[in-house]
Amino acid sequence: TLTPLNPRCNVYLHLPYNPQGAQALRIASWTPHRGLTLTTHYSLFPDKFDKFPQKPTLKAATEVNPINKMITLDNDEALEGERFKFTGPAPELIDYLARAMNFSYQYLRPADGTWGVKLENGSWSGMVGMLMRQEVNIGVGPFIISGSRAEAMDFTVPIFLDYWRILGARGQPEVDPWGFILPLAPLVWLAILSALLLLPATVFLMSSYFFHKRENQKNLLRVIFDYIRVLLQQDVLDPVNCWWESLVLAVWMLMMLVLTRSYAGNLMSLLAVRHISEPYQTLQDLLDDPMVTMIWEKDSQSVRYLHSVESGIYREISDTEKEGRLIYKTHEEFPETIDTLVRQGDHVLMEVDMGKCSFYESREGFLSLMFALVGPKASPIVPALSKRITAMTEAGLFFYWMKSAEPNSTVCYRSPTKITVKTTLNLTNVWGMFVILAVGHIISLCVLFYELLGLRLQHRVGPVVEIFQ
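As recorded in an unreviewed UniProt entry, the protein chain goes by the name Glutamate receptor-like 25, listed as coming from Homarus americanus. Heading Subcellular location (unreviewed entry) of the UniProt record for the protein chain holds this comment: "Cell membrane". The heading Sequence similarities (unreviewed entry) in the UniProt record of the protein chain holds the text "Belongs to the glutamate-gated ion channel (TC 1.A.10.1) family."

Structural data, given as structure tokens:
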């Protein structure tokens, strides 16, 4: 307001989310005599979204997910017609923001139960569509940060980082049928086999070329057979002629005594161990098994990536949809899907950490995810939310809420795949030993037929000169 006799200037401020028709708030005035004078506690250029003075009611889009669980209310508990409420780290975050920024909120759920994807007509579905149609003020989600969504809305700073993992049903405890091989490491088995070949060969060559040949000189096969008998804790059939051969054989006996005692002790321990099967640890494991079906989140950003990629392992996964090995479910359908399809063992679910003891999560994580809240494009509320979220994450509050929501979650995280029990063994636990027995008998029969054939040829053709003397 300016007049020649009494010049005056007033500064007014339109507060956000005020009711329609509300008057602007005068925050300062200026006159030549008094200068600039503030009339409220606001600064001249305040951050209007840092803290709302009138405590407006904001509408927040949300949906059920592992950190945002829905509880149905009874008639006595329901307030203002609301039949449900949300609990978990995400509602704790919204409560924190509401207290810090002085607003109340009302949850709204999308009709299709999805986060939102871009449709062919250019519009968006799910919570993103609600935000673009201005049906809500903020989107709780939390939402995966992606380039396509950034074109339609603004993200706050990330709340947390996570990865997709494979969720599958844990197998029943069982004995490894090839457990009798496990007491010794592969390098030990290789060393034993090498010693059984090299040591008898060395003894045979030394006795043949460096000493006079004797009448009872053994061939190479008989020397090897003697050392194998020692390994199997049997006696030596042929006498040893030289003292140095006795010394080598004695050292071999001592080493085999220690080895067999160690093997027997470890085997007794391993027979009490039960192995719990967790077959799918990588995406390649899923591709290699044609009997498993993968379940991905319907209309999610990851599914859109599968459909857009042109090569690599994700292209191969996308192609399995033609074989019926790739299906889609919404987050709301996940609990029922886990208790039915996934529990059967022939389905796996692609999901962020679930923490269920009767299921396992793959060691491999893929498609890293950054989660955040969202607001309308170019909305001033997004930087204000980001400021509060940064303070919250730096203080470690969000991870504290996650731990409080699942106090025993670490009990099931990376559950052991081996347990010890005290029970009798049956044929299904030790069939690997019988396979070795059957293979050994078959080889023995083949050698027997070969020897019989050799004797028959010897009678017809004449004596055969022995190869090893």
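Student: Now, about the overall build of the protein chain: what can you tell me, with residues and values included?
Tutor: Within the protein chain, the secondary structure is distributed over 14 helices and 17 strands. Taken over 469 residues, the protein chain has a buried fraction of 38%. Carbon and sulfur atoms form 60% of the exposed surface of the protein chain, whose accessible area is close to 28200 Å².

Student: So, helix H6 (residues 243-270): which residues are in play, and what are the values?
Tutor: Residues separated by three or four positions in an α-helix point in the same direction, a consequence of the helix having 3.6 residues per turn. Between the first and last C-alpha of H6 there are 40 Å, a value that for 28 residues agrees with the 40 Å anticipated at 1.5 Å per step. Where H6 is concerned, the buried positions are Trp 244, Glu 245, Leu 249, Trp 252, Met 256, Leu 259, Thr 260 and Leu 267.

Student: Mind laying out the pairing of strand S8 (residues 138-144), listing which residues take part and the relevant values?
Tutor: For S8, the tally of buried residues reaches seven of seven residues, placing the bulk of the element in the interior. The sheet contact formed by strand S4 (residues 57-61) and S8 spans two bridges and is parallel. Of the residues in S8, the one forming a bridge with Ala 60 is Ile 138.

Student: Break down the side chain of Ser 386 for me, with residues and values.
Tutor: Along the chain, Ser 386 falls in helix H11 (residues 381-394). Owing to a relative accessible area of 11%, Ser 386 belongs among the buried residues under this scheme. Setting aside residues no more than four positions away along its own chain, Ser 386 makes contact with Thr 156 and Val 157.

Student: A description of helix H8 (residues 301-308) should follow, citing residues and the corresponding values.
Tutor: When H8 is considered as a whole, its buried residues turn out to be Gln 301, Ser 302, Val 303 and Leu 306. Buried-residue contacts for H8 involve helix H3 (147-150), strand S10 (160-169), strand S12 (293-297), helix H9 (313-319), strand S13 (326-329) and strand S16 (366-375).

Student: Which residues make up the packing of aromatic side chains, and what are the values?
Tutor: Across all of its chains, the model carries 13 aromatic pairs by this definition. Ring centres of Tyr 305 and Tyr 314 lie 5.6 Å apart, and the angle between their planes is 70°; on these two criteria the pair is classed as edge-to-face. Take Tyr 305: its relative accessible area is 36%, and that puts it in the partly exposed class. Residue class for Tyr 314 comes out buried when judged on its relative accessible area of 16%. The rings of Phe 160, Phe 371, Phe 398 and Phe 399 are connected pair by pair, giving a single aromatic cluster.

Student: Describe the packing of helix H1 (residues 89-101) against helix H12 (residues 397-405), naming the residues involved and giving the relevant values.
Tutor: Closest axis-to-axis distance for the H1/H12 pair is 9 Å, and the angle between their directions is 140°. The orientation of H1 with respect to H12, classified from their angle, is oblique. Crossing hand, H1 versus H12: right-handed. Residues Pro 89, Ala 90, Glu 92, Leu 93 and Tyr 96 of H1 pack against Leu 397, Phe 398, Trp 401, Met 402 and Ala 405 of H12. Looking at side-chain class alone, the contact of H1 with H12 contains nine nonpolar, no polar and one charged residues.

Student: Got a sec to walk through unusual backbone geometry? Specific residues and values, please.
Tutor: For the bond running from Gly 141 to Pro 142, omega is 0°, close enough to zero to count as cis. Note that Pro 142 resides in strand S8. Its identity as a non-glycine residue notwithstanding, Asn 102 has a phi of 60°, on the positive side. Structurally, Asn 102 is set in the loop between H1 and strand S7 (104-108). Asn 102 gets classed as partly exposed once you look at its relative accessible area, which sits at 22%.

Student: I'd like to hear about the sheet that holds strand S1 (residues 9-13), residue by residue, with values.
Tutor: The antiparallel open sheet is built from three strands, whose spatial order is S1-S2-S3. One side of each edge strand has no neighbouring strand; the edge strands of this open sheet are S1 and strand S3 (35-38). Each neighbouring strand pair of the sheet contributes to a mean axis angle of 20°, computed without reference to strand direction. Sheet analysis places strand S2 (residues 25-31) next to S3, joined by four bridges and oriented antiparallel.

Student: Would you mind going over the pattern of salt bridges in detail, with residue names and values included?
Tutor: Considering all chains together, one arrives at nine salt bridges under this definition. Put simply, Arg 109 and Glu 63 hold a salt bridge, and the shortest N to O gap is 2.9 Å. Separated by 46 residues along the polypeptide, Arg 109 in the loop between S7 and helix H2 (126-132) and Glu 63 in the loop between S4 and strand S5 (69-72) bring together distant segments of the chain. Note on Arg 109: relative accessible area 26%, which makes it partly exposed. Between Arg 325 and Glu 323 there is a salt bridge, with its nearest N and O atoms 3.8 Å apart. Classification of Arg 325 by relative accessible area gives buried; the value is 7%. Residue classification places Glu 323 among the exposed residues on the basis of a relative accessible area of 56%.

Each value, and the rule that gives it
Residues numbered from 1 in each chain as written. Predicted model: local features only at pLDDT ≥ 70, side-chain atom pairs only at ≥ 80, totals over all residues. Heavy atoms only, no water. UniProt positions renumbered as here; feature names shortened; annotations may be inferred. Helix = DSSP H or I, 4+ residues; strand = E, 2+ residues; numbered from the N terminus. Buried < 20%, exposed > 50% of the residue type's maximum accessible area, 1.4 Å probe, protein only. Areas by Shrake-Rupley, 256 points an atom, 1.4 Å probe, with all protein chains shown as cover. Expected span 1.5 Å × (residues − 1). Pairing = 2+ DSSP bridges. Contact = heavy atoms within 4.5 Å. Phe/Tyr/Trp six-rings, centres within 6.5 Å; stacked < 30°, edge-to-face > 60°. Axes fitted to C-alpha atoms, helices over the stretch in contact; angles between N-to-C directions. Parallel < 35°, antiparallel > 145°, perpendicular 65-115°, else oblique. Left-handed = near helix turned anticlockwise from the far one by under 90°. Nonpolar A, V, L, I, M, F, W, Y, C, P; charged D, E, K, R; others polar. Salt bridge = Lys/Arg side-chain N within 4 Å of Asp/Glu carboxyl O.

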